[in-house]
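Examining the three-dimensional arrangement
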Amino acid sequence: MESITEVKNMRIDVLGVGFDNLTMTEAVSRGAALLEEPGCHYVVTPNPEIVEVCRENPAAMQAVNGADLVLPDGIGVVKGAAMLGTPLKEKTPGIEFAAGLMGKMAESGRSLYLLGAKPGVADLAAERLQNKWLDILCDEVRHDKGYSGREMKAVMPKIAAEFAAIPVRRVPKVKVGVVGEIYVKYSPLGNNELEKFLASQDCEVNLPGLMGFVQYCAYNMAETVRLYGGSLVEKTAAEAALTLIAGMEKVIIKTLKDAGYHAPMPFSELIKLPEQSHTIGMGCKMGEGWLLTAEMLELVRSGYENIVCAQPFGCLPNHICGKGMVNKIRELYPEANITPIDYDPSATRVNQENRIKLMLAVARERLSERREPPADLPKVRTSVSAKLTKPKSLCANI
């Protein structure tokens, strides 16, 4: 590999600023190689405005040209180089370069620190990673790819590793779980952007995944045959589906744990909670049925004792299996802080959010009490630590 001096001598000059003539793939590879070299290194990504600044400021020109990598961030630089007769291969935007380098770092288990970033930068990084992987996965589906277990098992650790590379500062936060009727639980339109609202209140949000509902539906097919009789073919098909999903669930749980994230309870254990706690029978299968109760039990047991139960006003099964189980769960777990919220055109967003804020006020008071030493102990200066689960984007305070 060429030395840094040799690389700098090969740069394309654009009004005094020397640009490395690399594709994005080559730039990311060069950046990854710098991580293996001793000493400190830095990369700059000048756009036309920065080039103008460098022309007027010799110190800026020296700083930019002294970088280990100088990448053209903007089509104006690329077009300018072409007009000067020394074309660059392509523009290499800094944000795309950073994302690619983060991916390389995640693959090798390296950590990342964002120095001087504004508040919210980690959240934005998580959002962009989410959009990136949504685009990748949707494109695979459109091309009839990504369905096999082998493909899913290969991509899951990559996704988790990239999110795990986002830096966070661990601080105690109010943990809130979200359960409810399937539509208002997951739809921002149906629940007035509940998850975003909770994040704005500085909460760590746990929204149980959709896979649990799929498993619930398959399990109920077999349970119906067991309880009331029916086709053994239907029962066998349901059990086969559960076995198939369980294999994928195992990979998901391992991937999340390996990356340091909170992992859900296996479905095979979740189905035991309602009857073990004597809260609800497995024959309650209308709507979200026993799953709603089981998810609340799991959340409380895993540290997410503050729960929003989202329900449509007229959904009777949801009221029975959700709101109707709140007092029983509080008997079993006094720390449970559950608030049912009706989402209906006649219910105003202000009233919904005010009810949630009241729940959060209780949660913050309890969190504060857990962090304070008992009154009979001397108050000494100590560092307070808390065992927090992620999502990291909601625990970040850069």
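Residues numbered from 1 in each chain as written. Predicted model: local features only at pLDDT ≥ 70, side-chain atom pairs only at ≥ 80, totals over all residues. Heavy atoms only, no water.

So, about helix H8 (residues 149-164). Its 16 residues give H8 an end-to-end C-alpha distance of 23 Å, which sits within 8% of 22 Å, the value for a rise of 1.5 Å per residue. All buried positions along H8 are accounted for by Val155, Met156, Ala160 and Glu162. Looking at the buried side of H8, the elements it contacts are helix H6 (94-107), helix H7 (121-142) and helix H12 (232-258). (Helix = DSSP H or I, 4+ residues; strand = E, 2+ residues; numbered from the N terminus. Expected span 1.5 Å × (residues − 1). Buried < 20%, exposed > 50% of the residue type's maximum accessible area, 1.4 Å probe, protein only. Contact = heavy atoms within 4.5 Å.)

Before going further, it helps to spend a moment on the nonpolar core. With 30 residues, the main nonpolar core has Phe267, Trp290 and Ile329 as its most contacted residues. Of all the elements in the fold, those that place two or more residues in this core are helix H11 (211-228), helix H13 (267-270), helix H15 (289-301), strand S7 (306-312) and helix H17 (326-332). For this core, the leading source of residues is H15, giving eight residues. For Phe267, the contacting residues outside a window of four places in its chain are Gly212, Gln215, Tyr216, Tyr219, Leu242, Glu249 and Trp290. Residues Val174, Val178, Val308 and Ile356 belong to the second largest nonpolar core, which totals 18 residues. (Core = buried A, V, L, I, M, F, W, Y, C linked by side-chain atoms within 4.5 Å.)

So, on to unusual backbone geometry. Leaving glycine out, the prevailing phi sign among residues is negative, and the prevailing peptide bond configuration is trans. Located in the positive-phi region is Leu15, a residue other than glycine, with phi close to 55°. Structurally, Leu15 is set in the loop between strand S1 (12-14) and strand S2 (17-19). Assessed through its relative accessible area of 42%, Leu15 is described here as partly exposed. Non-glycine residue Glu193 carries a positive phi angle of around 55°. Judged by relative accessible area, Glu193 falls into the partly exposed class, the value being 33%.

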